[in-house]
Amino acid sequence: MSSPSHPLRQLLAYARAQRGQVRLAVLYSTLNKFFDILPEVLIGTAVDVVVRGEQSFLAKNILVGVGISDTWHQLLFLGALNVVIWGGESLFQYLYEVQWRGLAQDIQHRLRLDAYAHVQKLELAFFENQRTGALMSVLNDDINQLERFVNSGANQIIQVVCSSVMVSAVFFALQPGLALIALLPVPLILFGAFWFQGRLAPRYREVREAAGDVSARLNMNLLGLPTIKAYTTEDFEAEHIRQASDAYRQANARAIRISSAITPVIRMAILAGFTATLIYGGWLTLQGKLAVGAYSVLVFLTQRLLWPLTGLAEVADMYQRSMAATQRALGLLATPINIAYEGRHLGGRSRGELRFEQLGFSYGEQPTLHDISLTIKAGETAAFVGSTGSGKSTLVKLLLRFYEPQQGRILLDDEPIAGLNLQDLRRQLGYVAQDSFLTDGTIADNIAYGTPGASDAQIHAAARQAECLEFIEKLPLGFATRVGERGQKLSGGQRQRLALARAILKNPAVLILDEATSAVDNETEAAIQRSLAVVSQGRTTLVIAHRLSTVRQAHCIHLLENGRIVESGTHEQLLVRRGAYAALWRLQTGEA
Ligand SMILES: Nc1ncnc2c1ncn2[C@@H]1O[C@H](COP(=O)(O)OP(=O)(O)OP(=O)(O)O)[C@@H](O)[C@H]1O
C-alpha cells in the first residue's frame, strides 16, 4: 500500500485538481451517516420514555440541564426530531450522490482526455509494439471502471469509518464493557478484508488484461473482414474470438470465487460480536446494570456497527477492480514520450533546404539505413527509387521524425531538425503516405484536413492540381460526398489523389510523396507526372517512385539498395553511367 507507485496514490495525486469537490463529497457523506445513525438512538430514547416516563433521559436532558417532564410532549418531541433526522439523511444522501458521481465523471473525463492526448504524442515505435484494440480498451473500458469505485466505493469507506466512530462513541458512553465485546470482531474483519483484497488484486489485473485481449482481437478481425471473407476463415477467426472471450470468462471466474467468499466470512465474525452483545447485554439488563432502553440501543447499534463492515467486501472488490484498471490507464499516461515535441519554434515558412548527414538507422536490431548523406537544395525535386524494402519510406519517416536516427542527422535550412519544435517542423512538411488516413467526413473535409478555415475555392484548386476533380465531379454529392471510414468508399488511387490534394492545400515548404505502387496505368502515370510538375513548383519535393518514368524530370534521383544510396544523379547522368539505374530503366521501358 505504501509504494509511491500504488495506483490509489497515483489516482489521488491525479485527482488533486478536484480537491474541493472531494472535500464537499466527504462532508456530505459524513453528515448523511450522522443522520443515519440517529434513528437507533431515537428508538432507544422512545423505549426509555415509555419505560421510565417522567424519570426518562428526555425528562432530564434535552440540552444540558433542560428537560421535558410531560411524557406525551416527550413523544411529540421525538416525533418531530425523527422527521428532521430523516429529512437531513435524505438531503445529504442526495447531495453526496450528486457529488461523488459528478466527481467520478469529471475524473474519468479528464483522465480520458489526458491519456488520449499523451498517446497521440507517443512515437510510432510505441504503437508498433501495441495492439490498437488493447489500447482502446485502456482508453475506454479501463477508464470507465474508475466510475464504479468513485461513484460508491469511496462513500462506503467514509461511511463505514464514520459509523464505526459514532457508534463506538455511543457504546462507550452507555456501557464501556459491552462496547469492548461488540468491537472485538472489528480487527478480525479488517484483517479479513485486507487479506482478501491482496488476493483479488492479481486476479483483477488478469481480468483487465484479458479484456484488452478480447478488444484487440475484435478490432483486428473487424479491420480484416474483407480478407477473412475472401479466405473463408470465418470459423477460424470465430475460434480466436472464442478463446479470447473464454480467457476473459476464466479470469473473471477466478476473481469471482475469491470476491464471493468475502461477505460470508465477514458475516461469521459479525455473528460472534452480535451474539456476545445480545447475551451479555441481556444478562446485564436482567441484573439491573443496564437500562432496557440502553440495551435495545446497543443491540441495534451492534448491527449498525458491524453490518456496514460487510460492505467492505463489496468495496474491496470494487476497489481492486478499479485499481487494476487505473493502473493500466495511469501507466499509459506515464509512458515516456521518446521523441519530444518541445524545441525551437520556427518563425515563418522555411526555405526548404534539406541536408542528410551520415544517417544511420535500424528498427530494433535490423539495420535499415547506412551512411546516407545528401543535400536537396530549396525548391528542387529529389527522387528516391530502388527495390522494395530498400529503405526509401524509412528515409522520409526520419525527416518527419516518426523515428530518431541512431547515427547522423538531418538539417532543414542548416538547422538540425532534432532541435526544432516537432509540430513546427511537421507544419513545413506535406506528407502523402503510401496509405494515407482519410476521415469518415466528406471529400471537402478530407482535403481541408490539416488546413482549418480553407475556402471552397482553395479546396477546389487543390483538388484540381491533384487531378481529382474528374472523379469528384462524378460522385453523387461532389465535394459533399462522404467517403466512409478510412475512405473505404473510394478506390486506392482516388484515396491517394485526395491525400495529395490535402498536402497541396497545406502549401508546405517541403512536399513528400510516397507512391505506394508501380501498378498504375498509363493514364494515371501521366496524371501523376502532370500534378508533380505543378505541385513541385516553388517547394522542395521528395518523391518515392517505383516507375522511373514518373521521376525522370527530378533534379536528382537517388537509387537505394539495402539501405544505401548506390547511385545519384539526373536521369541522363544515370543512364550514361550504365549502372544499376540504367539497368532498371531498360527493364521498365522494355529495352532490355
Ligand atoms: N516499423 C518497422 N519496424 C521494423 N521494421 C520495419 C518497419 N518499417 C519498415 N521496416 C523494415 O525496414 C526495411 C525498409 O522498409 P521501407 O518501408 O523503408 O522500404 P521501402 O524502400 O519504402 O519499400 P517499398 O518500396 O516496398 O515501400 C524493410 O526491410 C522493412 O521490413
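These numbers come from a predicted model, not from an experiment. (Residues numbered from 1 in each chain as written. Predicted model: local features only at pLDDT ≥ 70, side-chain atom pairs only at ≥ 80, totals over all residues.)

Trainee: Before we go on, may I ask you to explain the site of the ligand in this structure?
Mentor: All residues adjacent to the ligand are Glu128, Tyr363, Thr368, Thr388, Gly389, Ser390, Gly391, Lys392, Ser393 and Thr394. Considering each element in turn, the shell around the ligand owes the most residues, 3 residues, to helix H12 (residues 392–399). Residues that form the shell around the ligand fall into these classes: 1 nonpolar, 7 polar and 2 charged. (Near = placed C-beta within 6 Å. Helix = DSSP H or I, 4+ residues; strand = E, 2+ residues; numbered from the N terminus. Nonpolar A, V, L, I, M, F, W, Y, C, P; charged D, E, K, R; others polar.)

Trainee: Even after reading the chapter, I still don't get the pairing of strand E4 (residues 407–412), so can you show me in this structure?
Mentor: Every other side chain in a regular strand lies on the same face of the sheet, so the side chains alternate between the two faces. As paired strands, strand E1 (residues 354–363) and E4 are joined by 5 bridges and run antiparallel to one another. Directly across from Glu357, in E4, lies its bridge partner Arg409. Strand direction decides the pairing type here: E4 and strand E5 (residues 415–416), joined by 2 bridges, are antiparallel. Along E5, the bridge assignment pairs Leu412 with Glu415. Hairpin connection of E4 to E5: 2 residues between the antiparallel strands, including Asp413 at a positive phi of 50°. (Pairing = 2+ DSSP bridges.)

Trainee: Before we go on, may I ask you to explain the pairing of strand E7 (residues 510–514) in this structure?
Mentor: Burial runs high along E7: 5 of the 5 residues are buried. By the alternation rule, side chains of E7 split into Val510, Ile512 and Asp514 and Leu511 and Leu513, which are all buried. As defined by bridge partners, E7 adjoins strand E8 (residues 540–544) across 5 bridges and the pair is classed as parallel. Each bridged residue has a counterpart across the sheet, and for Val510 the counterpart in E8 is Thr540. (Buried ≥ 20, exposed ≤ 12 C-beta atoms within 10 Å, placed from the backbone.)

Trainee: Would you mind going over the sheet that holds E7 with me for this structure?
Mentor: The strands that make up a sheet pair up through hydrogen bonds in the backbone, lying either parallel or antiparallel. Spatially, 6 strands are ordered E6-E7-E8-E3-E9-E10 in an open sheet, and the strand pairing comes out mixed. The sheet terminates laterally at strand E6 (429–432) and strand E10 (564–569), the two strands that pair on one side only. With strand direction ignored, the average angle separating the axes of adjacent strands in the sheet is 15°. Against the sheet, H12 touches strand E3 (381–386), E7, E8 and strand E9 (556–561), its axis set at about 150° to E8. In the packing of helix H17 (residues 492–506) onto the sheet, contacts are made with E6 and E7, and the angle to E6 comes to roughly 175°. (Axes fitted to C-alpha atoms, helices over the stretch in contact; angles between N-to-C directions. Contact = placed C-beta atoms within 7 Å.)

Trainee: Would you take a moment to explain the domain arrangement of the protein chain for this structure?
Mentor: When the parts of a complex come together, some accessible area is lost, and that lost area is often used as the size of the interface. In terms of domain boundaries, the protein chain breaks down into domain 1 (7–333) and domain 2 (354–589). The centre of domain 1, based on its C-alpha atoms, is set 57 Å off from the matching centre of domain 2. (Domains from an automatic or database assignment.)

Trainee: What am I meant to see in the sheet that holds E1 here?
Mentor: The strand order across the open sheet built from 4 strands is E2-E1-E4-E5, with neighbouring strands paired in antiparallel fashion. Looking at which strands have only one partner, the edges of the open sheet turn out to be strand E2 (366–376) and E5. Direction of pairing for E1 relative to E2: antiparallel, over a ladder of 7 bridges. Within E2, the position partnered with Arg355 by the bridge is Thr375.

Trainee: How do you make sense of helix H15 (residues 456–465) when you look at a structure like this?
Mentor: It helps to recall that an α-helix has 3.6 residues per turn; residues three or four apart then point in one direction. Buried residues of H15: Ile459, Ala462 and Ala463, and no others. The buried residues of H15 occupy one face: seen down the axis, they fall within an arc of 100°. Buried residues belonging to H15 abut helix H14 (443–448), helix H16 (469–474) and H17. Residue Glu467 follows H15 closely and has a positive phi angle near 55°. (Arc of directions from axis to C-beta.)

Trainee: Looking at this model, I keep getting lost on the packing of helix H6 (residues 132–174) against helix H11 (residues 292–333). Mind explaining?
Mentor: Relative placement of two packed helices is described by the angle separating their axes and the distance separating the axes. For the pair H6 and H11, the least separation of the axes is 6 Å and the interaxial angle reads 155°. The orientation of H6 relative to H11 falls into the category roughly antiparallel. The interaxial crossing formed by H6 with H11 has left-handed handedness. Residues belonging to the contact of H6 with H11 are distributed by class as follows: 24 nonpolar, 10 polar and 5 charged. (Parallel < 35°, antiparallel > 145°, perpendicular 65-115°, else oblique. Left-handed = near helix turned anticlockwise from the far one by under 90°.)

Trainee: Where do I start with the environment of Ala269 in this structure?
Mentor: Tracing the sequence through the fold places Ala269 in helix H10 (residues 234–286). Measuring from C-alpha to C-alpha, the distance between Ala269 and Thr310 comes to 9.9 Å, with 41 residues separating the pair along the chain. The contacts of Ala269, once residues within four sequence positions are left out, are Pro185, Leu188, Ile189 and Gly192.

Trainee: Even after reading the chapter, I still don't get unusual backbone geometry, so can you show me in this structure?
Mentor: Most of the time, phi is negative for any residue but glycine, and the peptide bond is trans. Although it is not a glycine, Asn562 sits at a positive phi angle of roughly 45°. Note that Asn562 resides in the loop between E9 and E10. For Arg578, which is not a glycine, the phi torsion comes out positive at approximately 55°. Summarising the element assignment, Arg578 is placed in the loop between helix H19 (571–577) and helix H20 (580–589). Exposure remark for Arg578: the 10 C-beta atoms within 10 Å place this residue in the exposed category.

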